[in-house]
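# Observations on the three-dimensional arrangement
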Amino acid sequence: MSDQNMLAELVNDSLVHAMSADLGVGSELPEAQAEAISKIGKAIMERVTLELLKALPVDAHGQFLDLLESGDTPRFEEFLRAHIKDLDGFVQRESTQEYEKIKVRADEIARARE
């Protein structure tokens, strides 16, 4: 399993799909929808990864990266749960915050086009 897929499991792919409708890409062509969803998902996963690293002790960063690259989702999740209280809530909060940032920017772009 790729690094991105492991993080996608944590971020919850359905969240990304739901957000695409909220951002107004639901009426776009399927290719444009897929591209928008992909970009949203990537931005969210980058944010979650960065915030996870910030929350982990520096001496755990190497193990984080090793587990992420290994594709061993159960061990990766176990490692994160050992270091981050309420991992699910943490990921949800960071995902939501990044989404809100994306939504503000999308609204700004839509207003500028009017």
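The notes below deal with the structure included here.

The rules behind each value
Residues numbered from 1 in each chain as written. Predicted model: local features only at pLDDT ≥ 70, side-chain atom pairs only at ≥ 80, totals over all residues. Heavy atoms only, no water. Helix = DSSP H or I, 4+ residues; strand = E, 2+ residues; numbered from the N terminus. Contact = heavy atoms within 4.5 Å. Areas by Shrake-Rupley, 256 points an atom, 1.4 Å probe, with all protein chains shown as cover. Salt bridge = Lys/Arg side-chain N within 4 Å of Asp/Glu carboxyl O. Buried < 20%, exposed > 50% of the residue type's maximum accessible area, 1.4 Å probe, protein only. Polar contact = N/O pair within 3.5 Å; in protein donor to acceptor, adjacent residues only side chain to side chain. Arc of directions from axis to C-beta.

Let's shift gears to the overall build of the protein chain. Counting secondary structure elements, the protein chain contains six helices and zero strands. Seen in sequence order, the protein chain has helices and strands lined up from the N terminus as α-α-α-α-α-α. Across the protein chain, the fraction of contacts at a sequence separation of at least 24, relative to all contacts at a separation of at least 6, is 65%. With an accessible surface of roughly 7,100 Å², the protein chain has 51% of that area assigned to carbon and sulfur atoms.

Here we take up the side chain of Glu51. Residue position: Glu51 is located in helix H3 (residues 30–55). If we ignore the near neighbours within four places in the chain, the residues touching Glu51 are Phe90 and Glu94.

Bringing the pattern of salt bridges into the picture now. Opposite charge on two side chains permits them to pair, given that their charged atoms come into close proximity. Summed over all chains, the structure comprises ten salt bridges. Note that Arg47 and Glu94 form a salt bridge whose closest N and O atoms lie 2.8 Å from each other. Note that Arg47 is positioned in helix H3 and Glu94 in helix H6 (residues 87–113), a separation of 47 residues in sequence. One exposure class covers both Arg47 and Glu94, and it is buried. Of the charged contacts in the structure, one is a salt bridge between Lys54 and Glu51, with a shortest N-O distance of 3.2 Å. In this pair, Lys54 and Glu51 are both assigned in helix H3, three residues apart and thus about one turn of the helix distant. What makes Lys54 exposed here is its relative accessible area of 57%. The class of Glu51 is buried, set by a relative accessible area of 17%. Through salt bridges that share partners, Arg47, Glu94, Glu98 and Lys101 make up one connected network.

Here we come to the side chain of Arg47. On the basis of relative accessible area, Arg47 is assigned to the buried category, the value being 18%. The contacts of Arg47, once residues within four sequence positions are left out, are Glu94, Gln97 and Glu98.

The residue Ala43 is located in helix H3 in this model. When the C-alpha positions of Ala43 and Tyr99 are compared, they lie 8.5 Å apart, and in sequence the two are 56 residues distant.

What follows deals with the environment of His61. Tracing the sequence through the fold places His61 in helix H4 (residues 61–70). For His61, the contacting residues outside a window of four places in its chain are Leu53 and Leu56. Among the polar contacts listed, one links the side chain of His61 to the backbone oxygen of Leu53, at a separation of 2.8 Å.

The next thing to look at is H4. Three or more residues of H4 are buried, namely Phe64, Leu67 and Leu68. For H4, the angular spread of the buried residues around the axis is 100°, confining them to a single face. With respect to the buried face of H4, the exposed residues turned more than 90 degrees away are Asp66 and Glu69. Trailing H4 by a residue or two, Gly71 shows a phi angle of about 80°, which is positive.

In short, shape yes, function no, at least from these values alone.
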